[in-house]
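# Examination of the molecular architecture
The primary structure of each chain is shown beneath.
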Amino acid sequence: MLVACAGYVLWKARRHEAAAEASHPPEGQILDVNGHHVHVVVRGSGPDLVLIHGASGSTRDMTFELAWHLEDRYRLLIFDRPGLGYTDRINRTGATLVEQADLLSIAAAQLGAVKPIVAGQSYGGAVALAWAVHFPDRLSALVPISAVSSIWKTPLDLYYRTVSHPWLGPVVVPLLAAFVSDAYVDKVMKFVFEPQSEPAGYGSYFGPGLTLRRKTLRANGLQRANLLREIHALYPRYSEIMVPTEIVHGDSDLTVPAWNHSERLVTRIPDAALTLLPGIGHMPQHVAAPDCAAAIDRAARRAGLH
């Protein structure tokens, strides 16, 4: 009976994953980067600009709105982070911020972007910060958007503790992949946009089913579980960042509060500038895309690229 139940769960999970990938296939091209498959969407022309999505995301989080405000004057390189979207996992323990930055910077160089502007949102902002700290010769400017950057005391929530657990995770993840509906994920995601509303059409475009695949749930959970420890290591090194830095954050962000993250970050990076967006929550790349684009333009000008 247990074998039959396990078989049914795995069959249902595979079916759900296949449906998600059929309805939301890769938007761009798959690169081979030192044996790893890396998914990238390349759009527009101009100075090179890398966009890095946050936790549970994919390229679609950047191509839904923000890309349209930039592609007329930048060559956009929009990546899936390792383990998410259509980029392979680096390992089974949760790719570190530094490992992710290394892989994506090599992928960017493979496309001719040796020193791009690097912009990342939320967890992707932490990857962008690791890129600037550990590979300073591989970027020309930095734009953290709602970026996780400072130490916090809130404990890891039950969901992430479970999916990242060494033995609970492998048991629970297939159940989530099999039985949690895309509609439920979309409903949960609406809270991330507060106090704004989720843009019309975002859920169907984003494809919550991609997040519900087993490998993505596990990779995302491990990365989130390891994040605080990695920020502890990164935080003392922000003073080493010497490229032009334009920080963007909503002052009503409940997920990554600006007071604890960007308002501290700006004091630690030499000559960094902070744009606080009044009344804006955690997703300015959607609800305040022109402001994000303006910050990128300022970074480009400071780097002598515009």
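Quick note: structure is the one above.
Criteria and cut-off values
Residues numbered from 1 in each chain as written. Predicted model: local features only at pLDDT ≥ 70, side-chain atom pairs only at ≥ 80, totals over all residues. Heavy atoms only, no water. Core = buried A, V, L, I, M, F, W, Y, C linked by side-chain atoms within 4.5 Å. Buried < 20%, exposed > 50% of the residue type's maximum accessible area, 1.4 Å probe, protein only. Helix = DSSP H or I, 4+ residues; strand = E, 2+ residues; numbered from the N terminus. Contact = heavy atoms within 4.5 Å. 1 Å grid on protein atoms, 1.4 Å probe; cavity = no way out; pocket = protein on both sides within 12 Å on 5 of 7 lines; lining within 4 Å. Points joined across faces, edges and corners; volume = space filled by probe spheres on them. Nonpolar A, V, L, I, M, F, W, Y, C, P; charged D, E, K, R; others polar.

Further remarks concern the nonpolar core. In terms of nonpolar packing, the biggest core is built from 42 residues, with Phe79, Leu97, Trp131, Tyr238 and Ile241 touching the most fellow members. Counting residues per element, this core draws most heavily on helix 4 (residues 123–134), which supplies 9 residues. Contact partners of Tyr238, with chain neighbours within four places excluded, come to Leu129, Val133, Ser149, Ile231, Leu265, Arg268, Ile269 and Pro270. In this structure, Met62, Leu66, Cys292 and Ala300 belong to the second largest nonpolar core, which totals 26 residues.

On to empty space enclosed by the protein. All told, the structure shown has 2 cavities of 30 Å³ or more when counted by the stated rule. Volume-wise, the largest cavity comes out at about 50 Å³. Taken together, 13 residues make up the lining of the largest cavity; nearest its centre are Arg89, Asn91, Gly94, Ala95 and Ala219. Residue composition of the lining of the largest cavity, by class: 5 nonpolar, 5 polar and 3 charged. Taken as a whole, the second largest cavity holds about 40 Å³ of empty space. Lining the second largest cavity we find His24, Pro25, Pro26, Glu27, His39, Ser58, Thr59, Arg60, Asp80, Gly85, Tyr86 and Leu210. Classifying every residue of the lining of the second largest cavity gives 4 nonpolar, 5 polar and 3 charged.

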